[in-house]
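Chain residues, written in single-letter form:
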Amino acid sequence: MKKTMKKLIMTGPCQTAITQIPIPEFDDDHMLVKVTLTGMCHSELQTWREGHVGHGLGHETVGVVEKLGANVKGFKVGDRVTGLGGGGYKEYIVVNPKKMAHVPDSLKDEDALSEPLACLLSAAMKLPIQTLGDRIAVVGCGYMGLGTIALFKAMGYGDIIAIDKRPEALENAKKFGATETYLPEEIPLPYFLTFETMGKISLTRDGDNYDILTGGIPTVMEFTGTEDGLRLAGDLVQGHGRLGIGGYHNDGPRNIDYKLWNFKAITTVNCHERRVDYEAGLCRRCMELLDKGIWQFKGVTKIYDVADFDKVSRMMENHTDGYIKGAFKF
């Protein structure tokens, strides 16, 4: 009789349960990892709301190598690992060693969830600093926004402007390197560049368009995942500036003022990553950056029991109880 393990599955909209399934088998090129923590990702919130029966969740894992395939090199039984693939909310996963990273002894499991960290590093690398001390804004200061603020500080950005609807999120942003923080209604008018703030516009080429090159913010990163957050971020971008879109917009279409974006000649950058091999390399680099103290981003994730998954999902959905990021253990 095959040994079984626990797995979290959807049983309906906003409802999950724990079921028993066989521990998976694996071949000589893979390894079996006992999961210690699985991180909760905001990108799966819509999946949880829809609740297709039997659907599994989770893709952010940290665990310990339980068994090795005969061809696996560079890992041994007992190693702590993190990376990509294998599924999430279950006790054991089968992984490809090429997609995994060693967890340094200096990191706690909850600080070593490398998949979201790799997403952040990929996003930040799509908006490289041009001159030391450049100004940048981050709209949306949840887990992803906070991690990016800390990265921008490490990269050498100077004025890091944090914007969020929640005062507690702005307080968190200060801890990770934000130099200015604003609720949306408090943003200084010179930080906007819209048709209203730029006044009369001209396409005649008689002038130099300095007004659109000095107003607004040169680079803005959006991490809200909402339509109003995306529109606000676009309103802040300077002429010929850059808008990084890092929020996960998976709950429907978005209406944005592309006439404004078009006129300002801004560059929009999709900051998501789909190159698995590249992202696996970033997982390993993230562990190095955290281990060496180059990227100061720890102590954000709180551990919960997987039985409380639906409760914590509501906390994430409604931004209650000081939620920033959750990780679950069986």
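Scope of this entry: the structure provided in the associated data block. (Residues numbered from 1 in each chain as written. Predicted model: local features only at pLDDT ≥ 70, side-chain atom pairs only at ≥ 80, totals over all residues. Heavy atoms only, no water.)

## Here's the deal with the environment of Met-31
So, point 1. The topology assignment puts Met-31 in strand β3 (residues 31-39).
So, point 2. Overall, Met-31 belongs to the buried group, its relative accessible area being 0%.
So, point 3. Taking C-alpha positions, Met-31 is 63 Å from Arg-205, a pair spaced 174 residues apart along the chain.
So, point 4. Ignoring anything within four residues of it in the chain, the contact list for Met-31 reads Phe-26, Val-65, Lys-67, Leu-68, Gly-69, Val-72, Phe-75, Ile-93, Val-94, Val-95, Pro-97 and Met-100. (Helix = DSSP H or I, 4+ residues; strand = E, 2+ residues; numbered from the N terminus. Buried < 20%, exposed > 50% of the residue type's maximum accessible area, 1.4 Å probe, protein only. Contact = heavy atoms within 4.5 Å.)

## Brief notes about the nonpolar core
So, point 1. Ranked by internal contacts, the top residues of the largest apolar core, which has 49 residues, are Leu-117, Ile-149, Phe-152, Met-221, Met-287, Trp-295 and Phe-297.
So, point 2. Of all the secondary-structure elements, those providing two or more residues to this core are α2 (114-125), β8 (136-139), α3 (143-155), β9 (160-163), α4 (167-175) and α9 (276-291).
So, point 3. Core analysis: the next-biggest nonpolar cluster, separate from the first, contains 24 residues, Ile-187, Leu-193, Ala-233 and Ile-245 among them. (Core = buried A, V, L, I, M, F, W, Y, C linked by side-chain atoms within 4.5 Å.)

## Side note on the packing of aromatic side chains
So, point 1. Throughout the structure, instances matching the rule amount to 11 aromatic pairs.
So, point 2. Plain terms: the ring middles of Phe-309 and Phe-328 are 5.2 Å apart, the flat faces sit at 50 degrees to each other, and that makes the pair tilted. Here Phe-309 is found in helix α10 (residues 309-318), whereas its partner Phe-328 is found in strand β15 (residues 325-329), with 19 residues between them in sequence. When sorted by exposure, Phe-309 lands in the same class as Phe-328, which is buried.
So, point 3. By the ring-pair criterion, three or more aromatic residues cluster together here, those being Tyr-89, Tyr-304, Phe-309 and Phe-328.
So, point 4. For Lys-259, the ring lying beneath its charged end belongs to Phe-195, and the centroid distance is 5.6 Å. (Phe/Tyr/Trp six-rings, centres within 6.5 Å; stacked < 30°, edge-to-face > 60°. Lys NZ or Arg CZ within 6 Å of the ring centre and 35° of its normal.)

## Thoughts on the environment of Phe-26
So, point 1. By the element assignment, Phe-26 lies in the loop between β2 (15-22) and β3.
So, point 2. For the pair formed by Phe-26 and Pro-218, sequence separation is 192 residues and the distance between their alpha carbons is 50 Å.
So, point 3. For Phe-26, the contacting residues outside a window of four places in its chain are Met-31, Leu-32, Lys-67, Leu-68, Gly-69 and Val-94.

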